[in-house]
Amino acid sequence: MQYTWEDIERFVNACSHCPLSRTRCRPVMGRGDHQADLMLIAEAPGRDEDRQGRPFVGRSGEVLDRLLRDCGLDREEIYMTNILKCHPPGNRDPKEEEKEACLPYLKYETYLLKPKIIVCLGSVAARRIISPDFKIARQHGIWTYRKKCALTAVYHPSAILRDSSKYETAKADFQEIVKKYMEHQE
């Protein structure tokens, strides 16, 4: 059976596969252009995202929007999602069983989107998507290729909030991402 974006969102909204479904306000489905070549994947929604049911609406979202703007991209031309669709209490790192419960949704989002570029925001996403031993401080901005898709990772916007010196590094990484993105637009 071929599912649609609406089907996946309905499944996410009704999901009860892990205990996070009992503590969430709203599940957070990915958002953006369903025809985008560029997909951003983070680890999990934060408190603001949980309240609004949308990805990257809090302070981290402001940092991400600034990074995108500084590199000539707009939220509307990309697709953003998280591995988890529910907010872990206290902003703790997602547990392995929570990631496993949500992984089918992420896989289907990726299947429907068919991105040419996937950018992992932060080490949790990079370890799940790129490599279990991924080290963000050493490997950010390095490209990996899988099934006609280019993958890389950058510092998560929340890491930039904690350490503003990471902004310029993330901006340089995003500038390279934009170059690759533009190559795919030609």
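The text that follows walks through the structure, step by step, so that each part is easy to find. (Residues numbered from 1 in each chain as written. Predicted model: local features only at pLDDT ≥ 70, side-chain atom pairs only at ≥ 80, totals over all residues. Heavy atoms only, no water.)

## Considerations on the sheet that holds strand 2 (residues 38-42)
Strand pairing within a sheet occurs via backbone hydrogen bonds; the two strands may be parallel or antiparallel. Strand order in the open sheet formed by six strands is 1-3-2-4-6-5, and the pairing between neighbours is mixed. Two strands lie at the open edges of the sheet, namely strand 1 (31-32) and strand 5 (144-146), each paired on one side alone. Both strand 2 and strand 3 (residues 79-82) contribute to a ladder of four bridges, which runs parallel. Within strand 3, the position partnered with Ile41 by the bridge is Thr81. (Pairing = 2+ DSSP bridges. Helix = DSSP H or I, 4+ residues; strand = E, 2+ residues; numbered from the N terminus.)

## Topic: the side chain of Glu43
Checked against the element boundaries, Glu43 lands in the loop between strand 2 and helix 3 (47-52). At 7.2 Å, Arg127 is the nearest oppositely charged side chain to Glu43, a buried residue that forms no salt bridge. When residues no more than four places from it in sequence are discounted, the contact partners of Glu43 are Asn82, Ile83, Leu84, Asp93, Pro94, Leu121, Val124 and Ala125. (Buried < 20%, exposed > 50% of the residue type's maximum accessible area, 1.4 Å probe, protein only. Lys, Arg positive; Asp, Glu negative; His and termini not counted. Salt bridge = Lys/Arg side-chain N within 4 Å of Asp/Glu carboxyl O. Contact = heavy atoms within 4.5 Å.)

## Digging into helix 5 (residues 96-113)
Counted at 1.5 Å a residue, the expected span for helix 5 with its 18 residues is 26 Å, and the 25 Å between its end C-alpha atoms agrees. At Cys102, helix 5 shows its maximal bend, which comes to roughly 40°, and the proline Pro104 appears one to four places after that position. Residues of helix 5 that are buried include every one of Glu98, Lys99, Ala101, Cys102, Leu103, Tyr105, Leu106, Tyr108, Glu109, Leu112 and Leu113, and no others. Looking at the buried residues of helix 5, the elements they touch are helix 1 (5-14), helix 2 (20-23), strand 2, strand 3 and helix 6 (123-129). Among the residues trailing helix 5, Lys114 stands out with phi positive, at a value near 55°. (Expected span 1.5 Å × (residues − 1). Bend = angle between axes of the 7 residues up to and from the residue.)

## A short note on the pattern of salt bridges
Counted under the stated rule, the structure contains 13 salt bridges. Close ionic contact of Glu96 with Arg128 constitutes a salt bridge, the shortest N to O distance being 2.7 Å. Here the residue Glu96 occupies a position in helix 5, and Arg128 occupies one in helix 6, the gap between them amounting to 32 residues. Looking at Glu96, the relative accessible area reads 43%, which means it is partly exposed.

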